[in-house]
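Descriptive structure summary
Here's the letter readout for the chains.
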Amino acid sequence: MAYLVFWLILVGGKAALMYGVWRFAKSQGRSPWPPFIASIFCASIVFFALFIKGRAELADHLTSPQNSN
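A brief look at the structure comes next. (Residues numbered from 1 in each chain as written. Predicted model: local features only at pLDDT ≥ 70, side-chain atom pairs only at ≥ 80, totals over all residues. Heavy atoms only, no water.)

**Description of the overall build of the chain**
Scanning the chain from N- to C-terminus turns up 2 helices and 0 strands. Taking all 69 residues of the chain together, the buried fraction comes to 13%. When the accessible surface of the chain is split by element, carbon and sulfur atoms take 71% of a total near 5,500 Å². (Helix = DSSP H or I, 4+ residues; strand = E, 2+ residues; numbered from the N terminus. Buried < 20%, exposed > 50% of the residue type's maximum accessible area, 1.4 Å probe, protein only. Areas by Shrake-Rupley, 256 points an atom, 1.4 Å probe, with all protein chains shown as cover.)

**Digging into the environment of S27**
Within the fold, S27 resides in helix α1 (residues 2-27). Overall, S27 belongs to the exposed group, its relative accessible area being 59%. One polar contact links the side chain of S27 to the main-chain carbonyl oxygen of F24, over a distance of 2.7 Å. (Polar contact = N/O pair within 3.5 Å; in protein donor to acceptor, adjacent residues only side chain to side chain.)

**A closer look at the pattern of salt bridges**
Applying the stated criterion across every chain yields a total of 1 salt bridge. Of the charged contacts in the structure, one is a salt bridge between K53 and E57, with a shortest N-O distance of 3.8 Å. You can see K53 and its partner E57 sitting in helix α2 (residues 33-63), 4 residues apart, about one turn around the helix. (Salt bridge = Lys/Arg side-chain N within 4 Å of Asp/Glu carboxyl O.)

**Looking at a nonpolar patch on the surface**
On the surface, M1, L4, V5, L8 and I9 cluster together into a nonpolar patch covering about 550 Å² of accessible area. With respect to the helices and strands, V5 occurs in helix α1. Looking at V5, the relative accessible area reads 41%, which means it is partly exposed. (Patch = residues over 30% accessible without salt bridge, like charges linked within 9 Å, V, L, I, M, F, W, Y side chains within 5 Å.)

**Overview of the packing of aromatic side chains**
Here the structure, examined in full by the defined rule, presents 3 aromatic pairs. Considering the side-chain rings of W22 and W33, the 4.8 Å spacing of their centres and the 85° angle between planes classify their relative orientation as edge-to-face. In this pair, W22 sits in helix α1 while W33 sits in helix α2, placing the two residues 11 residues apart along the sequence. Centre to centre, the rings of F47 and F48 are 5.1 Å apart; their planes meet at 65°, and the pair counts as edge-to-face. Taken together, the aromatic side chains of F47, F48 and F51 make up a single cluster linked through ring pairs. (Phe/Tyr/Trp six-rings, centres within 6.5 Å; stacked < 30°, edge-to-face > 60°.)

**Side note on α1**
Since the α-helix packs 3.6 residues into each turn, any two residues three or four apart lie on the same face. The end-to-end C-alpha separation of α1 is 38 Å, in line with the 38 Å expected for 26 residues at 1.5 Å each. Where α1 bends most, the angle comes to about 30°, and this point is M18. Listed as buried for α1 are V11, M18 and A25. Residue G29 follows α1 closely and has a positive phi angle near 80°. (Expected span 1.5 Å × (residues − 1). Bend = angle between axes of the 7 residues up to and from the residue.)

And the structure:
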């Protein structure tokens, strides 16, 4: 659940920042969709990279000899 919240904050934050880019692109007569889609895509890549790294560190922590009884 925490990962979902983190993803929503990350993507939501990127979407909020892209609102300015969206308005700027529209004011210049350009399509605002490419930068918006690219921003969401990059935020998702960062999230999944952090997710995979966190899962790997958790697995290392659980299997380390220090945690054995």
